[in-house]
Amino acid sequence: MAIDRVKKAWLVCPAAQAPTVPERLARVGLVHVAEVPHGEAALTMLSADTRAVEAQLRRLSETLDILREFSKTVKDFLSNLIATPIEATRRELAEALKSIDIEGLHQQVKELAARRAAAQAAAGKAKERLAAVARFRGLDVPVPAEGALRWSRATLWLAPEKQARRIGEPGLVPEGVVIEQLGAVGGKALVASVALREQAEEAASRLREAGFEPLAAPAQSVALGNHVAAIEAELRRHKQDVAAAKAELAELGKLRHQVELVLGHWEGKLETARALGKMAATGRAVVLAGYVRARDEHRLREAAARDLPGVSVVLEDPAAGESVPVSLTNTRFFRPAQFLVEMFGLPGYHAFDPSAFLMASFVLFYGFCLGDAVYGVLQVALAWALVRRYRAYPGLRNFFMLLLYCGVTTFVVGVLTGTWAADLFKKELGEKTIFGWAALDPLDKPLVGLGIALMLGLANQFWGVTMRMYGAWRQGDKWGALFDGGFWLLLLPGLVLLIAAFFAPAAPAWVSRAGSWLALIGAAGLVLTQGRKEKSLVGKLVVGLVSLYGIVGTYGCVSFIGDTLSYSRLLALGLTTTIVGMAVNIIADLLRFDIVLIGFLVFVAFAIVGHLFNLVLSALGAFIHSARLIFVEFFGRFYEPGAQRFAPLGATSSRIRILSEDAAANS
Amino acid sequence: MEDFVTQYFLKTGAGWTVIGAMCAVMFGGVGSARGIRIAGGQAAGVLSEKPELFGKLLVLMALPGTQGFYSFIIAIFMAAQTGLLSGALKVTPLMGVALMAVGICAGIVQYRSAVYQGEASAAAISMTARRPEESGRSILIPALVETYAVVALLASILFIMWITAMKVGG
């Protein structure tokens, strides 16, 4: 349950060995490579030419983008949420590298995709032409080819029937042009025009302006029926071309897994190539800076002796203000909460990992937002199945485990509020069963529910301030812990007691008295300490006073009230889930018509679909808003994210995960 | 119709209260929907280039949804304090009109703050797209806008309590 301790590593070797060091280091997989600080005297940064690797990566990415369309997997949806590397053994990777001809496959896939797109476009055009003339296929009319007549030009036109009636109007076409309606079907008319060659352009232009569309002329004059048949044949041909290209791409899509493996391998190569550019050289020696987990120090020394001959390794503790990459290690129980911390941003190396401290709040908030015993059971069952299904993927496993914990609190809150698929079981089995019992029904007493939501908010905000104290204490700033946290823990509860006394005049007198004293001591402490960094006495006092409001300093009364009221969403979301569930039950009940068995089945089917729909939507809202309460209201009190993730060269890839042969056999 | 008006608008203030509560819900809901649309549009643009940021942008997209909940709380509070929920109605026409004013004013604040928060969220989403490691800090920018939605919620709750308590005296 902590941020892993790391050591700063300096690897020094003769200049001649430099090009091979990153690759050998990637095989060791323990060192996060960092740039050698520019301030180091007499060092020249090495340059790395990554163009060839980047070109290969571009080809692979393009290939994969096209193949993805033809080889979809369920994981595509999940991998949008959480990085899910694909697994392979070293042997599988080697086979993939051997079997995939990157350039050849890229060329082939791109050609097929272009062929498919061209055939699709041509089929679209043929379809449009067919839609225009197909209705007239019964008419015994010839479709003249372009230039079929020597002195004149004959053209067929399509127009709305209403427009076609205008063909008798004078001035529609130039004098001497013959125009005639050949037939009309379904509101569209087929019209023929014959004009002398010198008049043809003028006639065509006027007819177009009047809303007539010319039919594309075939290469040779044919009967209209044959013309339609020819377009149909053309359309069939284009569709066949599309299908053929699609089938070939689908066949190549079977290589997707191998292509992804090769892509992951080349991404690793790019990182390795870039590592060379982070190294610096003196005249004869080259130095590489990095970080290694303290627990891996021994393994690094062993690996260096074995795999990096000629390379000296020097390890030291990171300096105080240094930007150190962060790696978190939590116990199995708290690991799911690490998912939230990683989603928000990693803590600084010298701070602390809040995973364990936020988990209870998050799952409790989620339970309040969803709060239904049946939904809780369903969520636990589903999350458990998914944890087992994705146990090999740490990101997904942690996410589903978190949902499992949330399912438990959802069940508990559901039981306490008497919510079992809203009021479904209460209505069906009666009020006197277990389903009719409730410690508190928030629909009956929403103000009590609001009070509980706000109490949870108060507790969580106080917990956040305590975390601030803990953070300062850990860094040896004991006075800071008291000034920036302790005084707020006096002032804020004091204010809460005073507000309680104001709204409940019947409260015992000690509530108001205790509130006054706590608020007074806390406020005095804050006024005297929050401006401690100011130089003048006036500055110290002014900053101290303003800090009570919240513009400067570590917290503020206004922020505290705002943060606490924000927790009212717990009640709003909980009520929304229940009310939508009740609406589902009412509609399901209306569908239960008189035919006993069928009516009951329709009722059950609708209730299941409706409640699943409500569960999915409400769970999404519960997750987002619980996360928001943690990220904004809770983290706002003490947490500063922004650290870089610890990513050892050669060991981490968001795309592939290399398994040992034994692990692969077991899975 | 005359009976309805007499019953809900002249003899009691139930009608005015319902209008006020629903105005709060309407303005807050529409504002939240618009705010989320603004933030969501920006996020969709970013995600088309950087799908791996989905987790970080999810909360930013949802931030302007808060005003919808605050409005809902105001409506529930009005209904609970006036006895609309329990059926024991205790609201005079004058109190109803006052509550309606509270609902409309609070609703307008919720509406505008949700839209502004959507715009601030869109800016924060751009910041996260450029510097993903700053996603935590970027959440604070739109969260500041929400302060005034909270102030409106708080003022509404206080006024609802004062207005409904006034009945005892007069």
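The notes below deal with the structure included here. (Residues numbered from 1 in each chain as written. Chains lettered and ligands numbered in written order. Predicted model: local features only at pLDDT ≥ 70, side-chain atom pairs only at ≥ 80, totals over all residues. Heavy atoms only, no water.)

1. Some words on the environment of arginine 532 of chain A
All names here are of chain A.
Reasoning step 1: In this fold, arginine 532 is placed in the loop between helix H19 (509-529) and helix H20 (537-549).
Reasoning step 2: A sequence separation of 387 residues divides arginine 532 from alanine 145, and the C-alpha atoms of the two residues are 94 Å apart.
Reasoning step 3: Every residue in contact with arginine 532, bar those within four places of it in the chain, is listed here: Gly480, Phe483, Asp484 and Lys540.
Reasoning step 4: Among the polar contacts made by the side chain of arginine 532, one reaches the main-chain carbonyl oxygen of threonine 529 at a distance of 3.1 Å. (Helix = DSSP H or I, 4+ residues; strand = E, 2+ residues; numbered from the N terminus. Contact = heavy atoms within 4.5 Å. Polar contact = N/O pair within 3.5 Å; in protein donor to acceptor, adjacent residues only side chain to side chain.)

2. Some points on the interface of chain A and chain B
Reasoning step 1: Across the boundary between the two partners, chain A contributes 33 residues, which contact 31 residues of chain B.
Reasoning step 2: Around 2,700 Å² of area is buried between chain A and chain B when both sides are counted, 77% of it from carbon and sulfur atoms.
Reasoning step 3: The largest per-residue losses of area from chain A upon contact with chain B belong to Met343, Leu447 and Leu565 of chain A, which jointly make up 18% of the total buried on that side.
Reasoning step 4: As a salt-bridge pair, arginine 628 of chain A and glutamate 146 of chain B come within 2.7 Å of each other at their nearest N and O atoms.
Reasoning step 5: Run the count over chain A and chain B and you get 4 residue pairs in polar contact (both at pLDDT 80 or more). (Buried area = accessible area lost by both parts, 1.4 Å probe. Salt bridge = Lys/Arg side-chain N within 4 Å of Asp/Glu carboxyl O.)

3. Thoughts on unusual backbone geometry
Residue and element names in this part refer to chain A.
Reasoning step 1: One non-glycine residue, alanine 421, adopts positive backbone phi at about 50°.
Reasoning step 2: By secondary structure assignment, the location of alanine 421 is in the loop between helix H14 (394-416) and helix H15 (424-429).
Reasoning step 3: Judged by relative accessible area, which is 3%, alanine 421 ranks as buried.
Reasoning step 4: Of note in this structure, alanine 422 is not a glycine but carries a positive phi near 55°. (Buried < 20%, exposed > 50% of the residue type's maximum accessible area, 1.4 Å probe, protein only.)

4. Description of the pairing of strand S2 (residues 6-14) of chain A
Remember that side chains alternate between the two faces of the sheet whenever the strand is regular.
All names here are of chain A.
Reasoning step 1: In the sheet, S2 pairs with strand S13 (residues 285-293) via 9 bridges, with the strands oriented antiparallel. Bridging from a neighbouring strand, leucine 11 pairs with leucine 288 of S13.
Reasoning step 2: With 5 bridges connecting them, S2 and strand S14 (residues 312-316) associate as antiparallel partners. The residue bridging valine 12 from the neighbouring strand is serine 312, located in S14. (Pairing = 2+ DSSP bridges.)

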